[in-house]
Amino acid sequence: MNALGKSVKRVYVLLFARKVFYPVNLFLYKLSMFGMGIRNHENDTVSGEKAFIKFLKARRKLDAGVIMDIGANMGNYSVMLRKNGITLPIFAFEPHPAAFRKLSAVAGTYNFTAIPQGAGEVSSTATIYDYQGDGGSEHASMYKGVIEHLHKGKAEEVAIALTTIDEFVAQQEISRIALLKIDTEGHELSVLKGARQTIASGLADVIQVEFNEMNIISRTFFKDIVDILPGYDFYRLLPDGLKALGEYNSTSYEIFSFQNIVALKKSWH
């Protein structure tokens with residue numbers, strides 16, 4: 001912080017760091033989060049995803065390779081790509097049986113491949129938690145606390161199968177991943193751990209990860225994601241494009257609320 005910044009802070013603290021102004025400061029803090037690309041999930045425009053795809057298309061980064069949609073649920077992200085003119089092969093992973101049935105129908109309509117598995121650190125059978133009686137909600141998670149603590153629901157267990165990105169890439173003989181999107185309700189770090197070889201080999205050009213309060217339940221810091229992706233620069237999505245986050249700083253990185261984070265390979269741009 002420069003001299004001017006320190007002076008402004010000193011004056012602000014003297015005037016407004018008081019109990020009477022606490023509600024106002026809290027309101028301004030939450031309001032500023034919207035302006036920083038956080039808690040904006042109403043649609044593809046405010047989430048920044050529409051501008052992100054436009055950015056990739058303008059730089060011809062979606063002209064070759066495949067796209068992997070990990071945690072596809074009912075296929076909204078893959079459908080969004082198709083509606084924005086993306087024709088690359090898409091593999092959409094969804095382990096929840098009920099959600100997969102719906103994903104399969106959508107995949108047939110929009111010409112992408114639905115995979116009835118999740119992704120993790122190792123290939124295995126596992127348990128996913130969803131609301132009791134729900135047919136594959138978008139909140140379904142590997143962590144029971146996501147359903148019961150964050151969303152105050154009653155969780156039921158669903159048996160699923162997991163593969164790893166490394167294993168799938170080898171089986172499919174994939175030589176380039178143009179875009180790897182991971183939205184797994186707190187399980188993102190485990191997915192990346194199962195892609196260590198793929199990442200080390202430089203096959204994944206762009207990685208999009210959702211980071212939010214589910215990562216509290218899974219005990220995942222943003223720093224963990226930064227550390228597993230040493231060859232990438234990080235950006236937060238805003239409605240008008242990507243904002244570089246710069247060097248890791250806990251104040252600007254460790255915000256446990258909905259946000260879309262993009263990691264671009266340093267050699268890519």
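A. Structural detail: the overall build of the protein chain. A tally of regular secondary structure across the protein chain gives twelve helices and eleven strands. By the compact-globule yardstick of 18 Å for 269 residues, the protein chain fits well, its C-alpha radius of gyration being 20 Å. If you line up the protein chain on its principal axes, its C-alpha atoms span 60 × 45 × 30 Å. Looking at the 269 residues of the protein chain, the share that counts as buried comes to 49%. Expressed as a percentage of contacts within the protein chain between residues at least 6 apart in sequence, the contacts between residues at least 24 apart total 70%. Entry remark: accessible area of the protein chain is about 13,600 Å², with carbon and sulfur atoms responsible for 55%.

B. The sheet that holds strand 6 (residues 155–163), seen in detail. The strand order 4-6-5 describes an open sheet built from three strands, whose pairing is mixed. The open sheet has two edge strands, strand 4 (118–119) and strand 5 (124–131), and neither has a second partner. As paired elements, strand 5 and strand 6 share eight bridges and run antiparallel to each other. Paired with Y131 across the strands is A155, a residue of strand 6.

C. Local environment of the environment of T220. With respect to the secondary-structure elements, T220 resides in the loop between helix 10 (214–217) and helix 11 (222–228). What T220 contacts, discounting residues up to four positions off in sequence, is G186, L189, F211, N215, I225 and F256. Here the side chain of T220 touches S218 through a polar contact of 3.0 Å, side chain to side chain.

D. Molecular detail of helix 5 (residues 97–110). The end-to-end C-alpha distance of helix 5 is 20 Å, a good match for the 20 Å that 14 residues give at a rise of 1.5 Å each. Here helix 5 has its buried residues at A98, A99, F100, L103 and A107. At its buried positions, helix 5 is contacted by strand 2 (90–93) and strand 3 (113–115). N111 lies just past helix 5 and shows a positive phi near 60°.

E. Local environment of the packing of aromatic side chains. Scanning the entire structure with this criterion turns up ten aromatic pairs. Note on F91 and F168: the rings are 5.1 Å apart at their centroids and 75° apart in plane angle, and the pair reads as edge-to-face. Residue F91 is located in strand 2, and its partner F168 is located in helix 7 (residues 165–172); the two are separated by 77 residues in the primary sequence. Classification of F91 as buried rests on a relative accessible area of 12%. Classification of F168 as buried rests on a relative accessible area of 4%. Following the ring pairs from residue to residue traces out a cluster consisting of F211, F221, F222, F234, Y248, Y253 and F256. Geometry around Y248 places K223 over its ring, the cationic atom sitting 5.7 Å from the centre.

F. Examining the pairing of strand 8 (residues 206–211) more closely. Extensive coverage of strand 8 is indicated by the burial of six of its six residues. Judged by which residues are buried, strand 8 turns out to be covered on both faces: V206, Q208 and E210 on one side and I207, V209 and F211 on the other are all buried. Of the strand pairs in this sheet, strand 7 (residues 177–182) and strand 8 are connected by three bridges, and their pairing is parallel. Residue pairing in the sheet places L180 in a bridge with I207 of strand 8. Of the pairings in the sheet, the one linking strand 8 to strand 11 (residues 259–265) comprises six bridges and is antiparallel in character. Bridging across to strand 11, V206 finds its partner in L264.

G. Broad picture of unusual backbone geometry. The phi dihedral of R60 is positive, around 55°, even though this residue is not glycine. Assignment of secondary structure puts R60 in the loop between helix 3 (49–58) and strand 1 (66–70). The class of R60 is exposed, set by a relative accessible area of 62%. Non-glycine residue N111 carries a positive phi angle of around 60°. Mapped onto the elements of the fold, N111 is located in the loop between helix 5 and strand 3. Residue N111 is classed as exposed on the basis of its relative accessible area of 62%.

What counts as what
- Residues numbered from 1 in each chain as written.
- Predicted model: local features only at pLDDT ≥ 70, side-chain atom pairs only at ≥ 80, totals over all residues.
- Heavy atoms only, no water.
- Helix = DSSP H or I, 4+ residues; strand = E, 2+ residues; numbered from the N terminus.
- Rg over C-alpha atoms; globule rule 2.2 N^0.38 Å.
- Buried < 20%, exposed > 50% of the residue type's maximum accessible area, 1.4 Å probe, protein only.
- Contact = heavy atoms within 4.5 Å.
- Areas by Shrake-Rupley, 256 points an atom, 1.4 Å probe, with all protein chains shown as cover.
- Pairing = 2+ DSSP bridges.
- Polar contact = N/O pair within 3.5 Å; in protein donor to acceptor, adjacent residues only side chain to side chain.
- Expected span 1.5 Å × (residues − 1).
- Phe/Tyr/Trp six-rings, centres within 6.5 Å; stacked < 30°, edge-to-face > 60°.
- Lys NZ or Arg CZ within 6 Å of the ring centre and 35° of its normal.

Note that every value here comes from positions in space, so none of it alone points to a role or purpose.
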